[in-house]
Each structure stands twice: as C-alpha cells, then as structure tokens.
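What the coordinates show
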Amino acid sequence: MNIYLLAAFCIVVFMVLLFVVSLVKKDMSVADIGWGIGFVLVALVTFFVCGSDRFHQKIVTYLVFIWGLRLSLYIGLRSWGKPEDFRYANWRKEWGTTVVWRSFLQVFMLQGLIMFINLLPVLVVNNGSSIMNSYKVLYPIGCVVWGIGFLFEAVGDWQMYMFREGHHQKKAIMNHGLWRYTRHPNYFGEAVMWWGIFLLSIPSGYWYIAVWGPVTITYLLLRVSGVTLLEKKYEGNDAYAAYKRNTSAFVPWFPKGEE
C-alpha cells in the first residue's frame, strides 16, 4: 500500500470529522485540539500498516505519539469552558455567511495539507525497512534534539498555563522561566522537535523528501501562524513592547543587559 496515499486518506477523514464537530459546537477551535491527535493517528496507522516493526520506526512513532497526545491534552485543558479562540472568532465575523465552506477549506483542509507535509519524515521512516548503517549515529543525536525541543514546548506551555491561572489581567505579560529567554519557547520547542524527527529519518533515505516537514513547520511558526500572528494580538500593549525589546523572539538568549 502506498504510504503517502494512506496518510492523505487518514488526514482527510479525520479533518472532515473535526469539521463536523466544529459545526455542531459552533467552535473552530476543535481544529487546534485535534491537531496533535491527527499526527498520532497517522503515525500509528502507517506504522502498523506499512512499517516493518524496525526499532527506528518504533522510536519515531513513539516520539510523535508522546508529542501529539501531550499537545492535544494541553490545548483541550487550556480551552475547556472558554469561548472560541480569538483567531477563529475574528474569521467567523469576517467570513459571515460564507463561514461554513471557508472554514472547511481554509481551516480544516488547509491544516490537513500542512499536517501531511509535516509528517513527511515520519512517512519516510515508516515506509522503508532498510537503513543506511553509516548514518545510525544520528539516532541518539536526533533523540537528544527532540528531547530538548519537547522540554521547551512542554515546560513553556505549563509555565504559561500557570501564569494565566494566577493572573487575570489581560495585559499581564509572562516574562519568567523559559519566557525570560525567548518570547515563544513553545514554538521554538516544536520546531526543534521536528528537526529532531528529521535527523531520525535520514538513515531511512529520502532525506530530500523528509526535510520539507521541519522546513514547513519552522516557516509557519516564524512567519505565518505562530510568532507573527500571536504578536499582532499584543500590538499597543506597552508592557509587551518593553518585553519585546529585551527578549529574543524565537531562539533562546539572555535578555538584553544580561549578555
């Protein structure tokens, strides 16, 4: 079975189901909750259907399982009992009577396409049984890189969650913990994790296909849906402007004045 067609089929079915749920709940935020689960689904299906039960396939599938499950649980906890995310709420107002078909195409199907591209390193691994022994050294390196990224994302998310629970002022700025060294430790961590997965995929061959996964997610986090979009939300906030002047946007570094 063609692993790429299988992955595309799973993603389309999953995204259609999420879209139906969003119509029932009148809340497009379910796309964010389902994001990690979609990766887990595709990783597991391709591993059991197309994989050959090799150790490196188990590693990659297991790491994606951990990441996706944690992310979906965190977003679900963070969103519980709260209104639709500000991004989707704004689009709902802008799209008006076209919200149904535009949300289907521009939210769910577009995210499905991005999910497919991001999963390319996983598909490369689960599609091949042979490995290039000379590149096996990349397995421990890839796991370490992934682990660093996971810590940044998980710890950063937890620190922000605890901060929001303790501060009810909308203009309060989180600048402690990992957020002292980067304005977006969670986004930085996610990008690093996928570069770790890419390193793990190189011994399976077809690195030139797999590399599009981390390249895409890094670009989106930096220029489209991550850093750029979120920081627009804080335009006009003087406290955030000061935080922005002193703190690295993405790659962790010492605050200005402490270098």
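The paragraphs below set out a description of the structure included in this document. (Residues numbered from 1 in each chain as written. Predicted model: local features only at pLDDT ≥ 70, side-chain atom pairs only at ≥ 80, totals over all residues. Heavy atoms only, no water.)

Our next topic: the overall build of the protein. The helix and strand inventory of the protein stands at 12 helices and zero strands. The helix and strand sequence of the protein, counted from the amino end, reads α-α-α-α-α-α-α-α-α-α-α-α. In summary, the protein has a C-alpha radius of gyration of 19 Å against a globular reference of 18 Å for 259 residues, a match within 12%. In terms of its C-alpha atoms, the protein occupies a principal-axis envelope of roughly 55 × 50 × 25 Å. Out of the 259 residues in the protein, the part that is buried amounts to 47%. Restricting the contact set of the protein to residue pairs at least 6 apart, pairs at least 24 apart contribute 81%. With an accessible surface of roughly 13,700 Å², the protein has 67% of that area assigned to carbon and sulfur atoms. Side-chain charges of the protein comprise 23 positive and 15 negative groups, with the mean position of each set lying 2 Å from the other. (Helix = DSSP H or I, 4+ residues; strand = E, 2+ residues; numbered from the N terminus. Rg over C-alpha atoms; globule rule 2.2 N^0.38 Å. Buried < 20%, exposed > 50% of the residue type's maximum accessible area, 1.4 Å probe, protein only. Contact = heavy atoms within 4.5 Å. Areas by Shrake-Rupley, 256 points an atom, 1.4 Å probe, with all protein chains shown as cover. Lys, Arg positive; Asp, Glu negative; His and termini not counted. Charge placed at Lys NZ, Arg CZ, Asp CG, Glu CD.)

Attention now goes to the nonpolar core. Core analysis: the largest hydrophobic core is formed by 57 residues, its most contacted members being F39, W67, F108, L119, V122, W194 and I197. Top contributing element to this core by residue count: helix 1 (residues 3–25), with nine residues. The contacts of F39, once residues within four sequence positions are left out, are V64, W67, M115, N118, L119 and W194. Of all hydrophobic cores here, the second largest spans eight residues; its members include F163, I173, Y240 and Y243. (Core = buried A, V, L, I, M, F, W, Y, C linked by side-chain atoms within 4.5 Å.)

Bringing the pattern of salt bridges into the picture now. Scanning all chains against the criterion turns up seven salt bridges. A salt bridge links R92 to E84, with the nearest nitrogen and oxygen atoms 2.8 Å apart. Each member of the salt-bridge network shares a partner with another, and the members are D32, D85 and R87. (Salt bridge = Lys/Arg side-chain N within 4 Å of Asp/Glu carboxyl O.)

We now examine the side chain of N186. Along the chain, the position of N186 falls in helix 8 (residues 185–201). Among the polar contacts made by the side chain of N186, one reaches the side chain of D157 at a distance of 3.4 Å. (Polar contact = N/O pair within 3.5 Å; in protein donor to acceptor, adjacent residues only side chain to side chain.)

So, on to the environment of Y161. Relative to the helices and strands, Y161 is located in helix 7 (residues 138–166). What makes Y161 buried here is its relative accessible area of 16%. Along the backbone, Y161 and L77 are 84 residues apart, and their C-alpha atoms lie at a distance of 9.4 Å. With residues near it in sequence (within four places) discarded, Y161 still touches Y74, L77 and R78.

Between helix 1 and helix 6 (residues 120–127), whose axes approach to 10 Å, the crossing angle comes to 135°. With respect to helix 6, the element helix 1 is oriented oblique. Taken as a pair, helix 1 and helix 6 cross one another with a handedness that is right-handed. In this structure, helix 1 contributes I3, Y4 and A7 to the contact, and helix 6 contributes L120, L123, V124, N126 and N127. Taken together, the residues of the contact of helix 1 with helix 6 sort by class into six nonpolar, two polar and no charged. (Axes fitted to C-alpha atoms, helices over the stretch in contact; angles between N-to-C directions. Parallel < 35°, antiparallel > 145°, perpendicular 65-115°, else oblique. Left-handed = near helix turned anticlockwise from the far one by under 90°. Nonpolar A, V, L, I, M, F, W, Y, C, P; charged D, E, K, R; others polar.)

Our next topic: the packing of helix 2 (residues 30–50) against helix 6. Look at helix 2 against helix 6: their axes get within 9 Å of each other, and the N-to-C directions meet at 15°. When the interaxial angle is binned, helix 2 and helix 6 end up roughly parallel. In terms of crossing hand, the pair formed by helix 2 and helix 6 is right-handed. Counting all contacts with helix 2, which are made through V42, A43, T46, F47 and C50, the residues of helix 6 involved are V122, L123 and N126. Of the residues belonging to the contact of helix 2 with helix 6, the class tally is six nonpolar, two polar and no charged.

As for its placement among the helices and strands, W194 is situated in helix 8. Given the relative accessible area of 3%, W194 is considered buried. Taking the C-alpha atoms as reference points, W194 and F152, separated by 42 residues in sequence, lie 13 Å from one another. For W194, the contacting residues outside a window of four places in its chain are F39, V64, W67, N118, V122, P214 and I217.

With that settled, consider the state of the cysteines. Tallied over the entire structure, the rule returns zero disulfides. Unpaired in this structure, C10 has its nearest cysteine sulfur neighbour in C50, at a distance of 9.3 Å. (Disulfide = S-S within 2.5 Å.)

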